[in-house]
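# Structural overview for review
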Amino acid sequence: MTARVRFVGAGPGAADLVTVRGLRVIASSPVCLYAGSLVPRELLDDCPPGARLVDTAGLTLDEIVAEMAGAHAAGLDVARLHSGDPSVFSAMAEQMRRLDALGIPYDVVPGVPAFAAAAASLKRELTVPGVGQSVILTRTSARATPMPQGEELATLGASRATMVLHLAVQRIEAVVAELLPAYGADCPVAVVARASRDDEVILRGTLADIAERVRAAGVLRTAVIVVGRVLTASAFPDSHLYSADRCRG
């Protein structure tokens with residue numbers, strides 16, 4: 001079988017939140033590329049003895065692809081570990097584009113995304129009947145590529161849908177300022193830093209006070225911001241899924 005690259009979602013931080021399939025890929029790949037600042041080191045213990053382990057935190061895209069190409073030329077499978085789920089804010093697309101150009105085959109193993117881990121820690125459903133049925137996953141443009149036109153927070157916030165922001169906690173004041181007109185100062189907000197890890201931090205508040213709480217806690221990175229009425233909803237109708245009327249129908 002032709003050697004290939006497998007992009008693996010390593011989960012939000014806790015080592016036991018990787019999928020069974022992902023763990024099997026790690027255990028069978030003689031080369032493992034991982035984001036050292038985000039992927040739990042415990043997962044590397046499952047790599048085969050003598051596996052080549054490459055921390056990509058300090059590498060450029062060219063250097064990462066060169067590692068993949070070198071392994072492929074040697075007939076070796078590569079496990080490429082990304083934090084969370086690689087379908088969201090992982091920079092996987094640019095790596096796949098390079099692999100396509102080189103004719104190197106690859107596939108993707110999904111993982112538990114950070115927003116799902118944050119919701120679990122908060123013990124909240126992000127889609128609540130009669131309160132919120134849409135979830136916007138987005139970020140801000142600071143220290144990152146610019147946001148496409150029409151995806152500014154003020155524009156996205158006009159729907160007042162539940163919003164989950166990645167890579168934005170350092171700009172919490174700006175986030176609040178952009179969302180206040182649509183959501184209102186009393187809108188519930190939660191910030192979950194290092195979701196699922198032993199050192200997880202959960203901050204709850206509103207748009208009126210969440211920035212102060214974030215600064216007081218010293219949260220600067222690896223955090224998810226959740227904004228929306230679903231965070232405190234209690235008086236909502238039961239869903240149609242398990243209703244008596246549906247069951248009788």
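Below is a summary of the structure that appears in this document. All figures in this text were calculated on a predicted structure; none of them were measured in a lab.

## Notes on the overall build of the chain
When you go through the chain residue by residue, the secondary structure sums to eight helices and 10 strands. Based on the C-alpha atoms only, the size of the chain along its principal axes is roughly 60 × 50 × 35 Å. Out of the 249 residues belonging to the chain, those deemed buried represent 42%. Across the chain, the fraction of contacts at a sequence separation of at least 24, relative to all contacts at a separation of at least 6, is 68%. Positive and negative charge centroids in the chain, built from 24 and 26 side chains respectively, lie 2 Å apart.

## Topic: the nonpolar core
Ranked by size, the top nonpolar core spans 26 residues in total, and within it M163, L165, L179, I225 and V227 carry the most contacts. Listed by contribution, the elements that provide at least two residues to this core are α5 (153-157), β7 (162-166), α6 (172-183), β8 (188-193), α7 (210-217) and β10 (223-227). Looking at this core element by element, the count peaks at five residues for α6. In contact with L179, not counting residues within four places along its chain, are L153, G157, M163, L165, G184, L207 and V227.

## What to know about the pairing of strand β4 (residues 78-82)
Of all five residues making up β4, five are buried, and the element is well covered by its neighbours. Across four bridges, strand β2 (residues 31-34) lies against β4 in parallel orientation. Across the sheet, residue Y34 finds its bridge partner in β4, namely L81.

## Here we look at the sheet that holds strand β5 (residues 106-109)
Spatially, β3-β2-β4-β1-β5 is the arrangement adopted by the five strands of the open sheet, whose pairing is parallel. For this open sheet the edge positions go to β3 (52-55) and β5, each flanked by a neighbour on one side alone. Within the sheet, the average angular offset between the axes of one strand and its neighbour, ignoring direction, is 20°.

## Some points on the sheet that holds strand β6 (residues 135-139)
Think of a sheet as strands paired side by side through backbone hydrogen bonds, with each pair either parallel or antiparallel. One open sheet accounts for five strands, arranged β6-β7-β10-β8-β9; its pairing is mixed. In this open sheet, the two strands that pair with only one neighbour each are β6 and β9 (201-206). When strand polarity is set aside, the average angle formed by the axes of neighbouring strands in this sheet is 20°. Of the strands in this sheet, β7 and β10 are in contact with α6, which crosses β7 at around 165°.

## A few points about the packing of aromatic side chains
Applying the stated criterion across every chain, the model contains one aromatic pair. Ring geometry for F7 against Y106: centres 6.1 Å apart, planes inclined by 80°, an arrangement best described as edge-to-face. Of this pair, F7 sits in strand β1 (residues 5-9) while Y106 sits in strand β5, placing them 99 residues apart in sequence.

## Quick notes on unusual backbone geometry
In this structure, F89 takes a positive phi of about 50° despite not being glycine. Following the sequence through the fold, F89 ends up in the loop between β4 and α3 (92-102). Here F89 falls in the partly exposed class, since its relative accessible area comes to 39%. Non-glycine residue R160 carries a positive phi angle of around 60°. Relative to the elements of secondary structure, R160 occurs in the loop between α5 and β7. By relative accessible area, R160 is classed as exposed at 56%.

## Looking at the pattern of salt bridges
Overall, the coordinates contain nine salt bridges when judged by the stated rule. Linking D209 and R213 is a salt bridge whose minimum nitrogen-to-oxygen distance equals 3.3 Å. Taken together, the salt bridges that share partners define one network made up of R4, R6, D77 and D107.

## Observations regarding a nonpolar patch on the surface
A cluster of nonpolar side chains, namely F89, V135, L137 and L167, defines an oily patch on the protein surface of about 330 Å² accessible area. Within the secondary structure, L137 is located in strand β6. Taking relative accessible area as the criterion, L137 reaches 32% and is therefore assigned partly exposed.

About the criteria used
Residues numbered from 1 in each chain as written. Predicted model: local features only at pLDDT ≥ 70, side-chain atom pairs only at ≥ 80, totals over all residues. Heavy atoms only, no water. Helix = DSSP H or I, 4+ residues; strand = E, 2+ residues; numbered from the N terminus. Buried < 20%, exposed > 50% of the residue type's maximum accessible area, 1.4 Å probe, protein only. Contact = heavy atoms within 4.5 Å. Lys, Arg positive; Asp, Glu negative; His and termini not counted. Charge placed at Lys NZ, Arg CZ, Asp CG, Glu CD. Core = buried A, V, L, I, M, F, W, Y, C linked by side-chain atoms within 4.5 Å. Pairing = 2+ DSSP bridges. Axes fitted to C-alpha atoms, helices over the stretch in contact; angles between N-to-C directions. Phe/Tyr/Trp six-rings, centres within 6.5 Å; stacked < 30°, edge-to-face > 60°. Salt bridge = Lys/Arg side-chain N within 4 Å of Asp/Glu carboxyl O. Patch = residues over 30% accessible without salt bridge, like charges linked within 9 Å, V, L, I, M, F, W, Y side chains within 5 Å. Areas by Shrake-Rupley, 256 points an atom, 1.4 Å probe, with all protein chains shown as cover.

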